Protein chains: 2
Amino acid sequence: MEKRATIKDVAEAAGVGVATVSRVLSGGSASSHTRERVLAVAAQLDYRPSALGRNLRQRRTGGMGLLVPDLTDTFYGQLAEGVLACARSAGEPVMLGSTGGDPEQEAELIGMLLEQSVDRLIAVPSGDAETWAPAIRAGMTVVFADRLPAQPDHEEDPAAAAAHDLLLLDGLSPAPQSRPMDVPAVVADDRAGIRTAVRYLRGLGHKRIAFLGGPGQDRRVAAFGEAVGAPVDEELVVFGTGSRDSAYAAASGLFQSRPDLSAVVAGGNVLGEAAVLAARELDLRVPRDVSLVMYDDVPWAELCSPPLTVIAQPGRDMGYRAAELVLRAGTRRPRSVVLPTELIIRGSCGPRR
Amino acid sequence: MEKRATIKDVAEAAGVGVATVSRVLSGGSASSHTRERVLAVAAQLDYRPSALGRNLRQRRTGGMGLLVPDLTDTFYGQLAEGVLACARSAGEPVMLGSTGGDPEQEAELIGMLLEQSVDRLIAVPSGDAETWAPAIRAGMTVVFADRLPAQPDHEEDPAAAAAHDLLLLDGLSPAPQSRPMDVPAVVADDRAGIRTAVRYLRGLGHKRIAFLGGPGQDRRVAAFGEAVGAPVDEELVVFGTGSRDSAYAAASGLFQSRPDLSAVVAGGNVLGEAAVLAARELDLRVPRDVSLVMYDDVPWAELCSPPLTVIAQPGRDMGYRAAELVLRAGTRRPRSVVLPTELIIRGSCGPRR
DNA sequence: CTTCTCCATGGAAACGATTCCATCATGGTT
DNA sequence: AACCATGATGGAATCGTTTCCATGGAGAAG
């Protein structure tokens, strides 16, 4: 356990002041003679500036925070890989937290990041605007990914709020000042994704299409309502809470209470997994008895039998773009990004029986 | 963007010295009167000590680093969740890096963590002992998870080194000083896991059993050799490099070059996935034409058709235990942990045709 | 030759915590 | 009454960096 060389050691060994060393190493002005000398000595001593001193001086920890609900959800794994790839190429560290979809844990993790003076954060939010207020107030640069926080003020009508979000992300902000948080986001084009899927199912003759949603999927639910057209049969829209168990319970309940449905759109890969399992348990054949479209293209979608038809969204890109946004913030005013989805037709949808 | 209160603000507002505030907050001695007063003022100012100052003073960043090869591999997602759960309950931050299984990137990430003065690290190593030397030398507390780094000194006979590792992890260290790195590890009982799987396949009548391995799986390969007994048919042991493509290529090549094999053990879930895909592509029916056992129990193993028989290893526990070890280090001399595996029989194995 | 400008340079102050050490008060013992 | 032990307390040093500012020298312009 040898102690590392400090800037002072380098300065002494090179016969210059610490200020000069700092300048040379961070690209300030210096004569080519001293520059060479300092660089040589630094290399010789294997000097690497300590982030500790720098962080304290600049009153901020470099790098970025990343908050996701659950890393065993393959989609969030992809998203995290994207963030890490961007961070790595920028040489920035990433502080990771997993919220379990719980706003309270999310708030706690935000608090910890604040304590660490991490001032850049990428999050798949679980809490509402109130949960996020402390971070914003503290001056954190936040970028949301995959979804937006719920609006507590709209709580009497979440559907309206989600529709609002859809508009907002189209760049058609209907009432700019009505959304207090001005936080950029990187999300998939849920409206188009869902619409394409619903149209596809309609084309196969399906009339009773259900939506199996998870927490934070208000935008997808709204898009679904829009795609199937009013009036939406409320019973055909059910929700899990985020855990695999509750997703299974929701799927199973749906199949049992509405044997008349002929197609299901699952709002995420965990929900899709639950739907496959529940269908099998109830002896429903896919796609003969029920057609299934799942959000998220994950490697195992192809392994199912039949292989699952999915709405693919670019998880890795989403993470990468979010990381870019959060790093560029300050240089450029970050603008929200909507990434395209793609319907990948495999074998889990068939004509209505 | 309001600036946070510092310890100085609290001290002034409470009419005491900064030293006293620090003591009160970190559990030092203080009269109950001042203690109350300081706590009241701190709460009132919403004071939270900045990790920056503390880190610099203690010359170490709190929390821990976590290095995994790939977060889209569900097993590493589980492992990461375990680490995060432990860290969260300890209130410690986690710095994450994804190495892509590349020793060079791993070395780079280690360098970055060193720069951040992170002195506790959990890693699924990709590089060899040489890659890890800098971290050890710098006095980092390292705990390996899932596997151990390769030994470059044994390079003439990796099998012997892996067998050595197997012994070592049994607690039967054959020559204690022969392993220079004394780094604790949390791994699955690969030997038992593989042996159980091979016995199971033997019991079904299989004679030609292949092993589909990935990088860093020397211990599993050695265990496989041990389980099938010498002489091992070298052609029946093939490797992918870690990417899904190369895993697929390895699996496909194996099936084509050795149509006589009747069973495959895949050393990880990505390899299992590749085996299923390759078998399907070559019109090999599972389990009629070929039986398959996969390492890692992942949620989608049940979704396959047939559902996959797996060697389950407790990924989440592995991460949790590793985090515990790395946090307790210093208090207790950490000892390696071997976690049990379980053969979960589903439908991907059948009698030899 | 003088003066002005510009650049390289180094000393020193910050940043916010912990911790050493000296001081002081209190209370008990001889 | 003098002395000592104990415990609370605050000032100041410290960690390693960046950055402000003053200084000094060299070159250009007058």
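The following paragraphs examine the structure supplied in this document. (Residues numbered from 1 in each chain as written. Chains lettered and ligands numbered in written order. Predicted model: local features only at pLDDT ≥ 70, side-chain atom pairs only at ≥ 80, totals over all residues. Heavy atoms only, no water.)

**Remarks on the sheet that holds strand 5 (residues 185–188) of chain A**
We count it as follows: Between any two strands, at least two bridges found by DSSP are needed for them to pair. Strands here mean DSSP runs of E at least two residues long; helices mean DSSP runs of H or I at least four residues long; both are numbered from the N terminus. Helix axes are fitted only over the stretch in contact, all axes being lines through C-alpha atoms; the angle between N-to-C directions runs from 0 to 180 degrees. Throughout, a residue-residue contact means that at least one pair of heavy atoms, one from each residue, lies within 4.5 Å.
Read across the open sheet, the 12 strands follow the order 11(A)-5(A)-4(A)-3(A)-1(A)-2(A)-2(B)-1(B)-3(B)-4(B)-5(B)-11(B); overall the sheet is mixed. Bordering the open sheet on either side are strand 11 (337–339) of chain A together with strand 11 (337–339) of chain B, each of which pairs with just one other strand. Mean inter-strand twist for the sheet, computed between neighbouring axes without regard to direction, equals 20 degrees. Where strand 1 (residues 64–68) of chain A meets strand 3 (residues 120–123) of chain A, 3 bridges bridge the pair, whose relative direction is parallel. Bridge pairing in strand 3 of chain A places A:G65 opposite A:L121. Packing of helix 6 (residues 103–115) of chain A onto the sheet brings it into contact with strand 1, strand 2 (94–98) and strand 3 of chain A, and relative to strand 1 of chain A it is tilted by some 170 degrees.

**Re empty space enclosed by the protein**
Convention followed: Here the term cavity refers to a set of points on a 1 Å grid, laid over the protein atoms alone, in which a 1.4 Å probe fits but cannot get out; the term pocket refers to an open set having protein on both sides within 12 Å along at least five of seven lines, with lining residues being those that place an atom within 4 Å of a point. Grid points are joined across faces, edges and corners, and a volume is the space filled by probe spheres set on the points. Three classes are used: nonpolar for Ala, Val, Leu, Ile, Met, Phe, Trp, Tyr, Cys and Pro, charged for Asp, Glu, Lys and Arg, and polar for all others, with Gly counted as polar.
Considering all chains together, one arrives at 7 cavities of 30 Å³ or more under this definition. A volume near 100 Å³ is recorded for the largest cavity. Taken together, 14 residues form the lining of the largest cavity, with A:L84, B:L96, B:G97, B:L109 and B:M112 sitting closest to its centre. Considered class by class, the residues forming the lining of the largest cavity number 10 nonpolar, 2 polar and 2 charged.

**Topic: the packing of aromatic side chains**
In this description, a pair of aromatic rings is defined by centroid distance and the angle of the planes. All names here are of chain A. Applicable threshold: Under the pairing criterion, centres of Phe, Tyr and Trp rings, with the six-membered ring standing for Trp, must be within 6.5 Å; the plane angle then separates stacked pairs below 30 degrees from edge-to-face pairs above 60, leaving the rest tilted. Throughout, exposure labels follow a simple rule: accessible area from a 1.4 Å probe, protein chains only, divided by the maximum for the residue type, with under 20% read as buried, over 50% as exposed, and the rest as partly exposed. Lysine NZ or arginine CZ positioned within 6 Å of the ring centre and within 35 degrees of the ring normal marks a charge as sitting over the ring.
Inspection of the entire model under this criterion finds 6 aromatic pairs over all chains. Considering the side-chain rings of F211 and F224, the 5.2 Å spacing of their centres and the 35 degrees angle between planes classify their relative orientation as tilted. On the criterion of sequence distance, the pair formed by F211 in strand 6 (residues 209–213) and F224 in helix 10 (residues 218–228) is long-range, its members being 13 residues apart. With respect to class, F211 is no different from F224; both count as buried. In this arrangement the basic side chain of R220 is found over the ring face of Y295, its NZ or CZ atom lying 3.8 Å from the centre.

**As for the protein's contact with DNA strand C**
As a reminder, the rule being used: Whether a residue is near a molecule or strand depends on its heavy atoms: if one lies within 4 Å, it is near. Between N or O atoms, a polar contact is any pair within 3.5 Å; within protein, one atom must be a potential hydrogen donor and the other a potential acceptor, and residues adjacent in sequence are included only when both atoms are from side chains.
Among the 26 residues in the neighbourhood of DNA strand C, the closest are listed as A:T20, B:I7, B:S22, B:S50 and B:R57. Sugar and phosphate atoms form 65% of the subset of DNA strand C atoms that lie within 4 Å of the protein. Contact between DNA strand C and A:R23: a base nitrogen at 2.9 Å from a side-chain N or O atom of the residue. In this structure, a base nitrogen belonging to DNA strand C sits 3.1 Å away from a main-chain N or O atom of B:G53. Contributing elements (two or more residues each) for the surface near DNA strand C: helix 2 (18–25) and helix 4 (51–58) of chain A together with helix 2 (18–25) and helix 4 (51–58) of chain B. At 5 residues, helix 4 of chain B tops the list of elements feeding residues into the surface near DNA strand C. In terms of residue class, the surface near DNA strand C is built from 10 nonpolar, 11 polar and 5 charged.

**So, the interface of chain B and chain A**
Accessible area lost when the parts come together is the quantity often used to give the size of an interface. Formally: Note on terms: buried area is the combined drop in 1.4 Å-probe accessible area of two parts once they are placed together, counting the loss on both. Salt-bridge detection follows one rule: a side-chain nitrogen of Lys or Arg within 4 Å of a carboxyl oxygen of Asp or Glu.
Taken together, the contacts link 55 residues of chain B with 55 residues of chain A. When chain B packs against chain A, the two sides together hide about 4,900 Å² of surface, and 60% of this comes from carbon and sulfur. Where chain B packs against chain A, one counts 2 salt bridges. Residue A:R48 is joined to B:E115 by a salt bridge in which the shortest nitrogen-to-oxygen separation is 2.5 Å. For the side of chain B that touches chain A, the secondary structure elements donating two or more residues are helix 4, helix 5 (74–90), strand 2 (94–98), helix 6 (103–115) and helix 12 (269–281) of chain B. Counting residues per element, the side of chain B that touches chain A draws most heavily on helix 5 of chain B, at 7 residues. For the side of chain B that touches chain A, the per-class residue count stands at 23 nonpolar, 17 polar and 15 charged. The pairing of strand 2 of chain A with strand 2 of chain B spans 3 bridges and is classified as antiparallel. Bridging across to strand 2 of chain B, A:V94 finds its partner in B:L96.

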